[in-house]
Amino acid sequence: MISDDLDLKLTDAFAGRVVRKDLVRKIKVGANVPVFVLEYLLGKYCATDDEVAIEAGLRVVNNTLADSFIRSEEANKAQALVKEKERHTFIDKVDVRYLAEDDKYWAHALNFGSKYIHVPDKFVREYERLLTSGVWAEMEIRHQYDEEQKGKRSPFWLERLTPVQLASFNLDTYRRGRAAFSTDEWIDILIRSIGMEPSHFSRRLKLLFLIRLIPLCESNYNLVELGPRGTGKSYGFQELSPYAILMTGPTTVANLFYNMSTGKIGLVGLWDAVAFDEVADLEKMPKEVITTLKTFCESGTFARGKDSLSGKASIALFGNTNQPVETMVRSSHLFVPMPEVIREDMAFLDRIHYYNPGWEIPKMRIEYFTDHYGFVVDYLAEALRELRRHTFTDVCDRHFSFGPHLNARDVKAVRKTVSGLVKLIYPHGEFTKQELAEMLDIAMEGRRRVKEQLKKMGSFEYHQTSFSYRDHETTEEFYVGVPEEGGRALIATDPLAPGSVYAASVNDDGKVGLYRIEVGTAAGTGKLKHAGGANTSMKESINRAFGFLQGNKVGLGIASAFDTTDFHVEAIDLLANRISCDAGMAVLIAIISALKKTPVQAGMVILGDLSIQGNIKPVTSLAEPLQVAMENGARRALIPLGNKRNFLEVSGEIAEKVDPIFFSDPQSGGAKALGIL
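### Digging into the pattern of salt bridges
- By the definition in use, this model includes 44 salt bridges.
- When the shortest N-O distance is used, the salt bridge between Arg87 and Glu140 registers 2.6 Å. Taken together, the positions of Arg87 in strand β2 (residues 87-99) and Glu140 in strand β5 (residues 135-143) put the pair 53 residues apart, joining distant regions of the chain.
- In this structure, the salt-bridge partner of Arg87 is Glu159, at a minimum N-O distance of 3.7 Å.

Following this line, the structure appears as structure tokens:
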């Protein structure tokens, strides 16, 4: 490996806290030890550019692991070895607890298999992590009969303790080190620290990699990433931090939140971040898990029995996509890969702070891995954990204010994402206005991606997705989109073929159905055939329209053609949200269009239903269907006259962009749609 200037600068600023990542991969293959332990040893013995010294250091690391590492199944053998030799040195994870009844500290060695090892008070004072999560260490254990201890007795005594994992961390030192690097250099260091070579990736892609780490440094942060397999979605939670847990199967409320029988807090109170490697596993979990998780994702609290409890864990949901993103955008929404139990649960999905576009991240290839220096992951994990105590959610207000389309949840999500990016890239708190704008852009994009999917599901409640922020100094407003922002041209600006029309309606919950109605004709005897796409309610609407045409074909001037034609009606759900559409007028106009071989006006959406006698049924609300139609390309709307007063309630944007065409009866509606009147 040839060191570059960044390697030299990093090893100088963070001596003993960095490691060559190619050496980690080389040893990791044959060593079944935590990667942070491995990297600590490599950082200690191989932090040099001298290849001879590196080879010597590798031998020391390998010998240390071979001679001292205990496997859990060798606990009895290890204890016997100490008895026979009277003392021996091991590498194991050690934690210490204080027992009041004995008035002393006891050490617990994980793989050594003993919970009662005498430990000198000086070790507890020197290594504070012993009393919390424990520390991996090289420890010398002595065997001696315990003659003096009252109560519990143990023959094992801890003589020497040398951590092989970071035992203490100083945030000020980390911040001072960061100040020595430019923003580009620091981002590249972080990318190398997770094992990747930054020269292969764009600035945007580097930021997407870093967003995966936000749950490790920002409390109660909810992240979703859906994308192709093999892109390393869950790597950060499996290898980069001892404070995160990766769930690889179903779990229970007792395990995840609180066990009422034992009185012990669950994973959300024990870990900094809980990640679900396969979000599809949620489908196999009890419904109570999902409802409790929904509450926790909103406020960080949950109720069990009579108690209201809280946790600081962030939640990350990872899953695989089976379709190209273009297909999902065009035919449905981007939460389709989610399990059914939450796929349509808009209240749950609205709690997600960021949707990371996993389809933009390439599958991992061998050339993407770095051979350069990066932080020892345990050091980086400690930095991220310490930064969880701090918050930067107010930094946006230094130069910018949020646009009117961001509601309280949107603002909270964007602020938390920006805070996380500041902790990752600018832990020293120094950044320019342009750098803040960059973080704000990508933070808004991830939250807008969530809102866009909620809007596509058909709820008018989420129609405001034009996210923006305003510069305090210049008052200029900047709008933030999403790159895959497809589905905006579902309604074509060019005329459709005769027999095809667009229809929209709104249900009692304010959810909009948007359909393309297609009528195919064939020689026949005036029969109607349903070709698919319509549910029971919609079929009834179609049948009423057809019945009206049968009874009024002479007055409409289509009797001869009608009686010698069979009609195949298909309803295509453009939003794929399965919201029914009362499309009586649209079907009537589509059939007339097919018989007259005349297309309807371009960019038109048709609203309104009709009874068997031809009475026009207005829509229950006008704002929602017109908003959705406008956002998907509609430029004119055929509207029942009974809704004319409702047009005063629509937004100024709709009034400007959508030309209303009012009608009072089926005949005038058909003529206006075809451009005859």
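### Let's talk about unusual backbone geometry
- With a phi angle near 75°, Glu86 is a residue other than glycine that sits in the positive phi range.
- Its place among the elements puts Glu86 in the loop between α5 (75-85) and β2.
- Glu86 sits in the exposed class, given a relative accessible area of 55%.
- In this structure, Asn220 is a non-glycine residue whose phi angle is positive, near 50°.
- By the element assignment, Asn220 lies in the loop between α10 (214-217) and β7 (222-227).

### Structural notes on the pairing of strand β23 (residues 565-573)
- In this sheet, β23 lies alongside strand β21 (residues 512-523) in antiparallel orientation, the contact comprising 9 bridges. Each residue of the ladder has a partner; that of Thr521, found in β23, is Phe567.
- When strand β22 (residues 528-532) meets β23, the two strands line up parallel, connected through 4 bridges. Among the inter-strand pairings, Gly532 is bridged to a residue of β23, identified as Glu570.

### Some words on the environment of Thr248
- Take Thr248: it is sitting in the loop between β8 (244-247) and α12 (253-256).
- Taking the relative accessible area as the measure of exposure, Thr248 reaches 62% and is therefore exposed.
- C-alpha separation for the pair Thr248 and Glu197, spaced 51 residues apart in sequence, amounts to 28 Å.
- Non-local contacts of Thr248, meaning those with residues more than four positions away in its chain, are made with Asp277 and Asp281.

### Observations regarding the sheet that holds strand β11 (residues 273-276)
- If you walk across this open sheet you meet the 5 strands as β8-β11-β14-β7-β15, and the pairing is parallel. Sheet topology places β8 and β15 (354-357) at the edges, where each strand pairs with a single neighbour. Sheet twist, expressed as the mean angle between neighbouring strand axes with direction ignored, is 20°.
- With 4 bridges connecting them, β11 and strand β14 (residues 314-320) associate as parallel partners. Within β14, the residue paired with Ala275 across the bridge is Ala316.

### A word on the sheet that holds β21
- In space, the 7 strands of this open sheet follow the order β22-β23-β21-β20-β24-β27-β28, with mixed pairing throughout. On the outer flanks of this sheet lie β22 and β28 (659-663), each paired with one strand and no other. Taking each pair of neighbouring strands and ignoring which way they run, the sheet shows an average axis angle of 30°.
- Bridge count between strand β20 (residues 500-506) and β21: 7 bridges; the pairing is antiparallel. Each residue of the ladder has a partner; that of Val506, found in β21, is Val512.
- The strands touched by helix α21 (residues 536-552) are β21, β22 and β23; relative to β22, the strand with the most contacts, the crossing angle is about 150°.
- Helix-sheet contacts for helix α24 (residues 623-631) involve β20, β21, β24 (604-606) and β27 (636-640), and the interaxial angle to β21 is about 70°.

### Notes on the packing of helix α1 (residues 5-13) against helix α8 (residues 183-193)
- At a closest axis distance of 11 Å, the pairing of α1 and α8 adopts a crossing angle of 85°. Between α1 and α8, the interaxial angle falls into the category roughly perpendicular. Between α1 and α8, the residues in contact are Leu6, Asp7, Lys9 and Leu10 and Glu185, Asp188, Ile189 and Arg192, respectively.
- Considered class by class, the residues forming the contact of α1 with α8 number 3 nonpolar, no polar and 5 charged.

Analysis parameters
Residues numbered from 1 in each chain as written. Predicted model: local features only at pLDDT ≥ 70, side-chain atom pairs only at ≥ 80, totals over all residues. Heavy atoms only, no water. Salt bridge = Lys/Arg side-chain N within 4 Å of Asp/Glu carboxyl O. Helix = DSSP H or I, 4+ residues; strand = E, 2+ residues; numbered from the N terminus. Buried < 20%, exposed > 50% of the residue type's maximum accessible area, 1.4 Å probe, protein only. Pairing = 2+ DSSP bridges. Contact = heavy atoms within 4.5 Å. Axes fitted to C-alpha atoms, helices over the stretch in contact; angles between N-to-C directions. Parallel < 35°, antiparallel > 145°, perpendicular 65-115°, else oblique. Nonpolar A, V, L, I, M, F, W, Y, C, P; charged D, E, K, R; others polar.

Any functional reading would require information beyond the geometric quantities listed.
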